Amino acid sequence: MLMSSKPMFDLAYDGGFGIGAFNVNNMEITQGIIEACAAEKSPCILQISKGARSYANMRFLRKIIEACVEEYPEVPICIHLDHGDTVDLVQQCIDDGFTSVMIDGSHHEYEENVALSKAATDLAHANGVVVEAELGMLGGIEEDVVGLDAAEYEKNVEQFLTDPEQAKDFAERTGIDSLAVAIGTSHGAFKFTSEAKLAFNRVEEIMKTCPGLPLVMHGSSSVPQEFIDLINKYGGNMPNAKGVPEDQIAMAVRKYGVCKVNIDTDLRLALTAKIREVFATNPAEFDPRKYLAPGREAIVSMVKRKLDMLNSAGKADEVIAKWEADGKTMPAYYNKSACCG
Ligand code: G3H
Ligand code: 13P
Ligand code: ZN
């Protein structure tokens, strides 16, 4: 069932579980995610970056997501813009039927971030769409914005973490619905050069200065070593890849109350490892179904593993009940168009 992330976060906030937000770029990735969520009876956020919009063409992605909603009515699904950078892009996503958007002004000066996030929030709220914004800076590559490399980021990490007092001011002045925080995570497959360590004390402090505001962790792939080994074994070249250990993500969600956890890299690794394996073990294979189907299966297993880590398996019915009890308020788009769910 298509919905906003609001009932998901309302329950996750102090429910000891987190919502997995998975990046979608094509049919196989989306099918893998939704199949895992249906099998685990878990809610999910399907998120689309600007890059995904231009790669796949939004009209195609929307139809694939509509098919998920029709095929799996029992799965709570939110369609979310990942790392939106302009108010125009937010408007396009509102027009495309997104139920949630992110505006990411974290690489701008503070006042500029406030102004951009507030403008996007005012627009989205006027259309019944919820908003995530970001404060603080992550490492790694983020859309067109190239962050610092892992070594440099780790060395200076304190200066990039989200400031709890600033977070309070930011949330009050922008009116956002959730906040992506920098607590030591990075985008991509090379997150740490030494010991992986998250600043959980920051999460605790931000929860105190911003009570009731759902927090989001980007850059939360774990880069499981077995997938890196498979990729490297079958012709890849990803030495020293390292992610956030799964027990730290589990703790962020279960103990510290983080509501949304973004995962993209681990899906890419699963798909790539499987396709490489098929090509390496059967060089004569040229039927795309013969390598995309195992790739899709690898996504299903990876997402099931994540839902378990996030403790969101089995929470679908509860989320739907909350959504229905709250009156199922959909964005304005669904009042004027044929609704897909
Ligand atoms: O945070 C970025 C996501 O992993 C999306 O990546 O911009 O390459 O689609 P992308
Ligand atoms: P990863 O690169 O760790 O998967 O993070 C994805 C993300 O934050 C998408 O917004
Ligand atoms: Zn991100």
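Definitions and cut-offs
- Residues numbered from 1 in each chain as written.
- Chains lettered and ligands numbered in written order.
- Predicted model: local features only at pLDDT ≥ 70, side-chain atom pairs only at ≥ 80, totals over all residues.
- Heavy atoms only, no water.
- Helix = DSSP H or I, 4+ residues; strand = E, 2+ residues; numbered from the N terminus.
- Rg over C-alpha atoms; globule rule 2.2 N^0.38 Å.
- Buried < 20%, exposed > 50% of the residue type's maximum accessible area, 1.4 Å probe, protein only.
- Contact = heavy atoms within 4.5 Å.
- Areas by Shrake-Rupley, 256 points an atom, 1.4 Å probe, with all protein chains shown as cover.
- Lys, Arg positive; Asp, Glu negative; His and termini not counted.
- Charge placed at Lys NZ, Arg CZ, Asp CG, Glu CD.
- Salt bridge = Lys/Arg side-chain N within 4 Å of Asp/Glu carboxyl O.
- Near = heavy atom within 4 Å.
- Polar contact = N/O pair within 3.5 Å; in protein donor to acceptor, adjacent residues only side chain to side chain.
- Core = buried A, V, L, I, M, F, W, Y, C linked by side-chain atoms within 4.5 Å.
- Expected span 1.5 Å × (residues − 1).
- Arc of directions from axis to C-beta.
- Nonpolar A, V, L, I, M, F, W, Y, C, P; charged D, E, K, R; others polar.

1. A word on the overall build of the chain
The helix and strand tally for the chain stands at 16 helices and 10 strands. In terms of C-alpha radius of gyration, the chain reaches 19 Å, essentially the compact-globule figure of 20 Å for 341 residues. Dimensions of the chain, computed from the C-alpha atoms along their principal axes, are close to 60 × 50 × 35 Å. By the burial criterion, 57% of the 341 residues in the chain qualify as buried. When contacts within the chain are restricted to residue pairs at least 6 apart in sequence, those whose partners lie at least 24 apart make up 79%. Accessible surface for the chain amounts to roughly 14100 Å². Of this, 51% is attributable to carbon and sulfur atoms. Of note, the chain has its 33 positive side-chain charges centred 4 Å away from the centre of its 51 negative side-chain charges.

2. Concerning the pattern of salt bridges
The final tally for this structure, using the stated rule, is 21 salt bridges. For arginine 289, the salt bridge goes to aspartate 287, with nearest N and O atoms at 3.1 Å. The exposure class assigned to aspartate 287 is buried, which follows from its relative accessible area of 18%. One network of salt bridges, with partners in common, ties together Arg53, Arg62, Lys63, Glu66 and Asp96.

3. Overview of the site of ligand 1
Around ligand 1, the structure places eight residues, and the nearest of them are Ser49, His83, His187, Asp264 and Arg268. Here serine 49 contributes a side-chain N or O atom positioned 2.7 Å from an oxygen atom of ligand 1. One nitrogen or oxygen atom from the side chain of arginine 268 is found 3.1 Å from an oxygen atom belonging to ligand 1. For ligand 1, whose accessible area on its own is 300 Å², the fraction buried by protein is 80%.

4. Some words on the nonpolar core
Judged by nonpolar contacts, the single largest core of 109 residues is most densely connected at Ile33, Ile48, Ile77, Leu179 and Val303. If you tally residues by element for this core, the top one is helix 14 (residues 288-310), at nine residues. The contact partners of isoleucine 48, leaving out residues within four places of it in the chain, are Val24, Arg53, Met58, Leu61, Ile65, Ile79, His80, Leu81, Asp82 and Phe98.

5. Some points on helix 4 (residues 58-71)
Between its terminal C-alpha atoms helix 4 stretches 20 Å, which fits the 20 Å expected from 14 residues at 1.5 Å a residue. For helix 4, every residue scored as buried is listed here: Met58, Leu61, Ile65, Glu66, Cys68 and Val69. Projection of helix 4 onto a plane perpendicular to its axis shows the buried side chains occupying an angular sector of 155 degrees, all on one side. Facing away from the buried surface of helix 4 by more than 90 degrees, the exposed residues are Arg59, Phe60, Glu70 and Glu71. Where the residues of helix 4 are buried, they touch helix 2 (27-40), strand 2 (44-49), helix 3 (50-56) and strand 3 (77-84).

6. Some words on the site of ligand 2
Around ligand 2, a shell composed of 16 residues is seen, among which Asp82, Lys191, Ser221, Asp264 and Thr265 lie nearest. Between ligand 2 and aspartate 264 there is a distance of 2.7 Å, counted from an oxygen atom to a backbone nitrogen or oxygen. One of the side-chain N or O atoms of threonine 265 is found 2.6 Å from an oxygen atom in ligand 2. When isolated, ligand 2 has an accessible area of 310 Å², and the protein chains bury 97% of it. Of all the secondary structure elements, the ones that give two or more residues to the shell around ligand 2 are strand 3 and strand 10 (260-263). The residue inventory of the shell around ligand 2, partitioned by class, reads one nonpolar, 12 polar and three charged.

Just distances and angles here, no functional claims.
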